[in-house]
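# Structure at a glance
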Amino acid sequence: MQIAARMSMLGTESAFEVLARAKGLEAKGQSIINLGIGQPDFATPPHIVEAGRKALADGHHGYTPANGIPELREAVAADMELRRGVKIDPAQVVCVPGGKVTMAFAMLMFGEAGAEIMYPDPGFPIYASVVKFSGATPVPYPLYETNGFSFSAEEVLAKITPRTRLLIVNSPANPTGGVVPKSELDKLVAGLEKHPQVVVMSDEIYARMVYGNAPHASLLPYESIRDRLILLDGWSKTYAMTGWRLGWGVWPGPLAEMATRLSINVHSCVNAATQWAGVAALNGPQDSVDGMMKAFAERRTVIVEALNRLPGFRCVMPGGAFYAFPNIAGTGFTARALQDRLLDEAGVATIAGTSFGEQGEGYIRFSYANSTDNIREAVKRIGAWLEKSRP
Ligand code: PLP
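Below is a short write-up of the structure. What you see is a predicted model, and the numbers here were worked out from it, not measured in a lab. (Residues numbered from 1 in each chain as written. Predicted model: local features only at pLDDT ≥ 70, side-chain atom pairs only at ≥ 80, totals over all residues. Heavy atoms only, no water.)

Here the focus is the sheet that holds strand β8 (residues 247-250). Strands pair in a sheet through their backbones, by hydrogen bonds, and they do so in one of two ways: parallel or antiparallel. Pairing is mixed across the open sheet formed by seven strands, whose spatial order is β2-β8-β7-β6-β5-β3-β4. Both outer strands of the open sheet, β2 (93-96) and β4 (137-142), are each paired with one neighbouring strand and no more. Averaged over all pairs of adjacent strands, the angle between strand axes in this sheet comes to 20°, irrespective of strand direction. The pairing of strand β6 (residues 199-203) with strand β7 (residues 229-234) spans four bridges and is parallel. In the strand pairing of β7, Ser202 is matched with Leu231. Set on the sheet, helix α8 (residues 253-266) makes contact with β2 and β7; between it and β2 the angle comes to about 20°. (Pairing = 2+ DSSP bridges. Helix = DSSP H or I, 4+ residues; strand = E, 2+ residues; numbered from the N terminus. Axes fitted to C-alpha atoms, helices over the stretch in contact; angles between N-to-C directions. Contact = heavy atoms within 4.5 Å.)

This is the structure we're talking about:
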């Protein structure tokens with residue numbers, strides 16, 4: 001058997017490995033509080049589940065158009081107008097099985113040997129993984145705790161070369177919860193005018209998960225880059241639908257056709273019933289999203305205050321998503337050692353910052369998609385464990 005060399009370039013997402021280890025320990029009778037995996041702990045709202053069930057009962061059992069049923073793409077276009085204030089053509093929308101697919105398609109479309117693709121570090125691990133798989137050179141740009149894990153547009157722009165084809169931006173961000181302010185996006189877009197060959201993929205999967213009063217700053221409203229912006233969003237986080245597998249990309253016209261061709265070659269279309277559930281999610285009542293965000297806002301305060309009381313921990317208040325990313329350098333443990341020992345010895349699942357890039361050393365990620373009782377108990381366990389443990 002001769003496996004293609006590019007297979008050795010493919011990375012992984014540690015959250016799934018930690019989840020498997022946590023489940024294994026639970027099966028052996030150990031109590032584990034899972035603050036590792038990044039998915040809402042809420043159920044999909046009942047009207048969305050009902051729409052999926054009805055679609056099956058109504059006989060939606062066949063293939064659909066590869067880019068998604070018209071009702072779904074129209075619902076996405078209406079949502080973009082309502083929330084981003086931008087009128088788009090439903091023909092630009094390509095619905096795919098999860099946000100990850102838009103990401104992979106963008107990288108496969110632009111990545112090849114000799115090309116450079118830029119992405120945040122620490123950042124979603126699939127960025128670096130698929131960039132390498134595509135044959136392109138990965139060019140990470142650093143995010144710092146000192147500015148709330150936003151980025152410096154100047155620093156990002158300085159890394160652009162004539163070989164840069166794609167720039168990935170993610171706000172609110174995984175794993176840090178960092179939010180890029182509009183003023184920084186303004187600077188980035190102004191600078192990009194000097195680099196017309198650079199396509200931007202803006203991963204806005206956490207767009208509805210921003211705390212405080214400032215609205216989410218999206219890259220979609222910027223006209224000067226509209227013809228080279230790929231917007232990634234989806235249902236997974238906003239509507240607690242991670243297992244349904246549904247996401248959307250808004251692509252510039254010619255790229256939408258290419259993304260659709262990739263869909264036809266890879267998965268044909270998204271499961272038909274899931275698409276009808278997606279229509280109900282976007283067109284139906286939004287109170288479940290508001291309720292979920294209220295719960296997340298409370299948990300954010302609980303976890304950040306509790307983590308800041310732990311010896312050796314220091315945690316900035318994240319502006320969005322449902323992650324806290326404390327600096328743990330003061331504990332003396334490396335990120336990976338702390339992740340492993342907290343899971344095995346304290347019964348708390350977290351993810352080492354190094355799973356998200358080199359800049360993640362000295363940090364671990366907590367997903368606070370769990371009850372406040374469990375969050376308090378998890379931090380208590382960590383505190384007790386730190387008292388008796390040495391690196
Ligand atoms: N983008 C980011 C930044 C994420 O954190 C995730 C999931 O964790 C995704 C995209 C992918 O979402 P989906 O489950 O819809 O593929």
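So, about the pattern of salt bridges. Where charged atoms of side chains with opposite charge meet at close range, the side chains can pair. Overall, the coordinates contain 19 salt bridges when judged by the stated rule. Between Arg165 and Glu112 there is a salt bridge, with the nearest N and O atoms lying 2.9 Å from each other. With Arg165 in strand β5 (residues 164-170) and Glu112 in the loop between α4 (99-110) and β3 (116-121), this residue pair connects regions lying 53 residues apart in the sequence. Accessibility expressed as a relative area gives 29% for Arg165, which makes it partly exposed. Note that Glu116 and Arg163 form a salt bridge whose closest N and O atoms lie 3.1 Å from each other. Of the two residues, Glu116 sits in strand β3 while Arg163 sits in the loop between α6 (153-158) and β5, which places them 47 residues apart along the sequence. On the basis of relative accessible area, Arg163 is assigned to the partly exposed category, the value being 45%. (Salt bridge = Lys/Arg side-chain N within 4 Å of Asp/Glu carboxyl O. Buried < 20%, exposed > 50% of the residue type's maximum accessible area, 1.4 Å probe, protein only.)

Around the ligand lies a shell of 14 residues, among which Gly99, Asp203, Tyr206, Ser236 and Lys237 are the nearest. Ser236 has a polar side-chain atom sitting 2.6 Å from an oxygen atom of the ligand. Sort the elements by how many residues they give to the shell around the ligand and α4 lands first, with three residues. A class-by-class count of the residues in the shell around the ligand yields five nonpolar, five polar and four charged. (Near = heavy atom within 4 Å. Polar contact = N/O pair within 3.5 Å; in protein donor to acceptor, adjacent residues only side chain to side chain. Nonpolar A, V, L, I, M, F, W, Y, C, P; charged D, E, K, R; others polar.)

On to the packing of aromatic side chains, then. On inspection of all chains with the given rule, the structure shows 14 aromatic pairs. Seen from their ring centres, Phe42 and Phe296 are 5.6 Å apart, and the 90° between their planes marks the pair as edge-to-face. You can see Phe42 sitting in the loop between β1 (33-34) and α2 (46-57) and its partner Phe296 sitting in helix α10 (residues 287-308), a full 254 residues away along the chain. Ring plane angle 85° and centroid distance 5.7 Å describe the contact between Tyr206 and Phe322, whose orientation is recorded as edge-to-face. With Tyr206 in the loop between β6 and β7 and Phe322 in the loop between α10 and β9 (323-324), this pair connects stretches of sequence that are 116 residues apart. For the pair Tyr206 and Phe322, a shared accessibility class is recorded, and that class is buried. (Phe/Tyr/Trp six-rings, centres within 6.5 Å; stacked < 30°, edge-to-face > 60°.)

Looking now at the nonpolar core. Counting residues in each nonpolar core, the largest one holds 68 residues, and the members touching the most others are Trp251 and Phe313. Here this core gets eight residues from one element, more than from any other, and that element is α10. Domain assignment of the residues forming this core places at least three in each of domain 1 (5-44 + 287-382) and domain 2 (62-283). Sequence-distant contacts of Trp251, that is, excluding residues within four places in its chain, are made with Gln92, Val94, Thr102, Phe105, Ala106, Met109, Leu229, Ile230, Ala256 and Ala259. (Core = buried A, V, L, I, M, F, W, Y, C linked by side-chain atoms within 4.5 Å. Domains from an automatic or database assignment.)

Interpretation note: all reported values are geometric properties and have no functional meaning in isolation.
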